[in-house]
Amino acid sequence: IAICGSSINQAFALYVFRDAFGASSRAGLVIGVYLLAATVSFPFWAMAAARFGKNLAFAVCLCWSVVGLSFSPMIDQSWTLGGVLAFIVVAGIGVGGYVLPLAIVADVFDEDELESGKRREGAFFGVWTLAMKLAGAAGIAISGVLLPWLGYVPGAAEQSADAIWKMKLAWGPLPAVFFVLTILVVRRFPLTQQRVHEIQAELAARRPGVARASGARSFIP
């Protein structure tokens, strides 16, 4: 769900920067700052996951993104470049937590091994990758369908104020809805921090002296 919402946000970003902000020439700078902020925030989210649990840390990350996306339509051409970049840095910090689902999936491997006695990372990651690609494609498809419905006119030198406002809503608040739905799913996820520790202890008892191989989660204790 979150990947689909993120794809919609990314698909509308260039349209919004060009038609709403008149800053398509600065898109590269904004994207670079966004990715840098996300990368720098990785250790912060890793520490939060280790202390409070991955599910809670990821839920907080999603809430962070929901707030940012909900307020993003407020950005307009009156904002200075510094103001836009400051907003992008805050938004990018939230994106850094999107690596947490990979660590959560690694816990699913352990639970499956406990129940089946087999390690099946390849199968799980295959399904995971397929689901992510389908969700991303769905988000792009939704964006393509929405553009003409929002009043966007291809090739027009200037879009109407109504179309620009609707595109800003599709860029921010609409993806935020997908993130809220993801939060509801994460809240019901059964592998809590306590349960994960119990599973790890049971697996360690089954294979004494064998180092636990869960490379996908190596960056988070």
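Residues numbered from 1 in each chain as written. Predicted model: local features only at pLDDT ≥ 70, side-chain atom pairs only at ≥ 80, totals over all residues. Heavy atoms only, no water.

Trainee: Lay out the packing of helix H4 (residues 54-71) against helix H5 (residues 81-95) in plain terms, naming residues and giving numbers.
Mentor: Interaxial distance between H4 and H5 falls to 8 Å at its minimum, and their mutual angle equals 150 degrees. Of the possible angle classes, the one that applies to H4 and H5 is roughly antiparallel. Here H4 runs over H5; the crossing is left-handed. Contacts between H4 and H5 involve Cys-61, Trp-64, Ser-65, Gly-68 and Phe-71 from the first element and Phe-87, Val-90, Ile-93 and Gly-94 from the second. For the contact of H4 with H5, the class distribution of residues is 6 nonpolar, 3 polar and no charged. (Axes fitted to C-alpha atoms, helices over the stretch in contact; angles between N-to-C directions. Helix = DSSP H or I, 4+ residues; strand = E, 2+ residues; numbered from the N terminus. Parallel < 35°, antiparallel > 145°, perpendicular 65-115°, else oblique. Left-handed = near helix turned anticlockwise from the far one by under 90°. Contact = heavy atoms within 4.5 Å. Nonpolar A, V, L, I, M, F, W, Y, C, P; charged D, E, K, R; others polar.)

Trainee: Break down the nonpolar core for me, citing the residues and quoting the values.
Mentor: With 23 residues, the main nonpolar core has Phe-12, Val-16, Phe-21, Leu-150, Met-167 and Trp-171 as its most contacted residues. Counting only elements with at least two residues in this core, the list comes to helix H1 (2-20), H5, helix H7 (121-149) and helix H8 (161-171). By residue number, the principal contributor to this core is H1, which donates 7 residues. Judged by nonpolar contacts, the second largest core, of 16 residues, contains Ala-49, Leu-62, Ile-104 and Phe-179. (Core = buried A, V, L, I, M, F, W, Y, C linked by side-chain atoms within 4.5 Å. Buried < 20%, exposed > 50% of the residue type's maximum accessible area, 1.4 Å probe, protein only.)

Trainee: Could you give an account of the environment of Gly-97, with specific residues and numbers?
Mentor: As for its placement among the helices and strands, Gly-97 is situated in the loop between H5 and helix H6 (100-116). Sequence-wise, Gly-97 and Ala-11 are 86 residues apart; in three dimensions their C-alpha atoms are separated by 21 Å. Once you skip the residues sitting within four places of it in the chain, Gly-97 turns out to touch Trp-45, Phe-58 and Cys-61.

Trainee: Can you lay out the side chain of Ser-65 for me, pointing to particular residues and giving the numbers?
Mentor: Relative to the helices and strands, Ser-65 resides in helix H4. In this structure Ser-65 touches Gly-94, Tyr-98 and Phe-179, once residues within four positions along its chain are discounted.

Trainee: Go over the environment of Lys-54 with me, naming the residues and quoting the values.
Mentor: Mapped onto the fold, Lys-54 is located in helix H4. Taking the C-alpha atoms as reference points, Lys-54 and Ala-103, separated by 49 residues in sequence, lie 7.6 Å from one another.

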